[in-house]
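Topology and contacts: notes
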Amino acid sequence: MPSVISITITFGHTHQFTLKAQRKTSKFHDVTIANDDQLAWLPHWSSELYRVAKNVAYIFCGWSTVGEFQTQLTRAGFKIKNVLVWHKNWLGMGNNFRPNYELIILAIKSTFVTKSRNLSNVLTVRRLSPKKLTHIAEKPVALLEILIRESTNVGDIVLDSFSGSGATCAAAQRLGRRFVGIELSPAYCELARCRTRFGQAI
Ligand SMILES: C[S@@+](CC[C@H](N)C(=O)[O-])C[C@H]1O[C@@H](n2cnc3c(N)ncnc32)[C@H](O)[C@@H]1O
């Protein structure tokens, strides 16, 4: 087991509303995310997360799953320190209260304070445009950098156990942190490998 200093996790998006591009012209049309349609894995994953975490974990989720995530993380031993809002500054699809945010649970094992004193719990970072997205759920590196900078030091290890495009790894690399990314899809693993091998935190 690596001596994990701090962890950033990004998964558990929607549950009830599996993330899938609706427009037929979208490059992600018919692309779904493995295991995003059920949360059977959540209790065991939460325990494992608690086992390897040094102190802090960030978990991205949607409004319909945030309760279940909080329940299982608490059962695993974490304290819920905060629930942050990622304001995407970009209207998602739909006709009715179109989605423009994601939630980020801040779970801790012991005490934690951010390095900056004036940080809001609403983080406004524009979502990547569809043209630039390499993964349907890709997070902006600038957003991940805020979380990593605020909770780790140079040389610490950042883990993303659902690393997708490797955005968390790229952000960690840019900030001089070590990183571990775990991803089911070989294609996304390769993407993350290229992205970090050349230091392209894009
Ligand atoms: C929400 S996406 C993560 C997106 C990523 N944060 C980014 O910025 O690109 C979740 C990822 O977890 C992967 N995944 C699903 N089940 C997994 C498993 N059991 N182990 C590892 N990765 C898994 C999916 O293939 C998907 O790429």
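Residues numbered from 1 in each chain as written. Predicted model: local features only at pLDDT ≥ 70, side-chain atom pairs only at ≥ 80, totals over all residues. Heavy atoms only, no water.

1. Observations regarding the overall build of the protein
The criterion, for reference: Elements are defined by DSSP. Helices are runs of H or I of four residues or more, strands are runs of E of two residues or more, and each kind is numbered from the N terminus. When checking whether two residues touch, look at their non-hydrogen atoms; a contact exists if any pair is within 4.5 Å. Each accessible area value is a Shrake-Rupley result obtained with a 1.4 Å probe; residue values ignore everything except the protein chains displayed when judging cover.
Tallying secondary structure elements over the protein gives five helices and seven strands in all. In the protein, the succession of helices and strands from N to C terminus is β-α-β-α-β-β-β-α-β-α-β-α. Put simply, 69% of the contacts in the protein that link residues at least 6 apart link residues at least 24 apart. For the protein, the accessible surface area stands at approximately 10,600 Å², while carbon and sulfur atoms represent 55% of it.

2. A word on the state of the cysteines
Linking two cysteines covalently through their sulfur atoms gives a disulfide. So the rule is basically this: Cysteine sulfurs are considered disulfide-paired once they come within 2.5 Å of each other. We call a residue buried when its accessible area falls under 20% of the maximum for its residue type, exposed when it is over 50%, and partly exposed in between, using a 1.4 Å probe and counting protein chains only.
A full pass over the atoms with the stated rule returns zero disulfides. With no disulfide of its own, Cys-189 lies closest to Cys-169 among cysteine sulfurs, the gap being 9.6 Å. Owing to a relative accessible area of 23%, Cys-189 belongs among the partly exposed residues under this scheme.

3. As for the confidence of the model for the protein
Our working definition: A residue's pLDDT is the predictor's confidence in that residue, given on a scale from 0 to 100.
Residues of the protein with pLDDT of at least 70 account for 84%, and the chain-wide mean is 85. Taken element by element, the protein is modelled with least confidence in strand β1 (residues 6-10), mean pLDDT 48, and with most confidence in strand β5 (residues 122-124), mean pLDDT 98. Across residues 1-8 the pLDDT falls below 50, and counting only partners more than four positions away or on other chains, this stretch makes 33 contacts in the model. Within the model, the stretch residues 10-18 combines pLDDT values under 50 with 45 contacts to residues more than four positions away or in other chains.

4. Thoughts on the pattern of salt bridges
Charged atoms that come close allow side chains of opposite charge to pair. Rule in force here: A pairing counts as a salt bridge when a side-chain nitrogen of Lys or Arg comes within 4 Å of a carboxyl oxygen of Asp or Glu.
Taken as a whole and assessed by the stated rule, the structure comprises seven salt bridges. We note a salt bridge from Glu-145 to Arg-174, for which the minimum N-O separation is 2.5 Å. In this pair, Glu-145 sits in helix α3 (residues 141-151) while Arg-174 sits in helix α4 (residues 167-174), placing the two residues 29 residues apart along the sequence. Here Glu-145 falls in the buried class, since its relative accessible area comes to 10%.

5. Quick look at the nonpolar core
Stated formally: As used here, the term nonpolar core means buried Ala, Val, Leu, Ile, Met, Phe, Trp, Tyr and Cys residues forming a set that is joined through side-chain atoms within 4.5 Å.
Judged by nonpolar contacts, the single largest core of 22 residues is most densely connected at Tyr-58, Phe-60, Ile-104 and Leu-147. When contributions to this core are tallied by element, the ones reaching two or more residues are β2 (56-61), β3 (79-87), β4 (101-108), α3 and α4. Of all the elements, α3 adds the most residues to this core, at five residues. Discounting chain neighbours no more than four positions away, the residues touching Leu-147 are Tyr-58, Phe-60, Leu-84, Ile-104 and Leu-123. In this structure, Ala-53, Ala-57, Phe-69 and Leu-103 belong to the second largest nonpolar core, which totals 16 residues.

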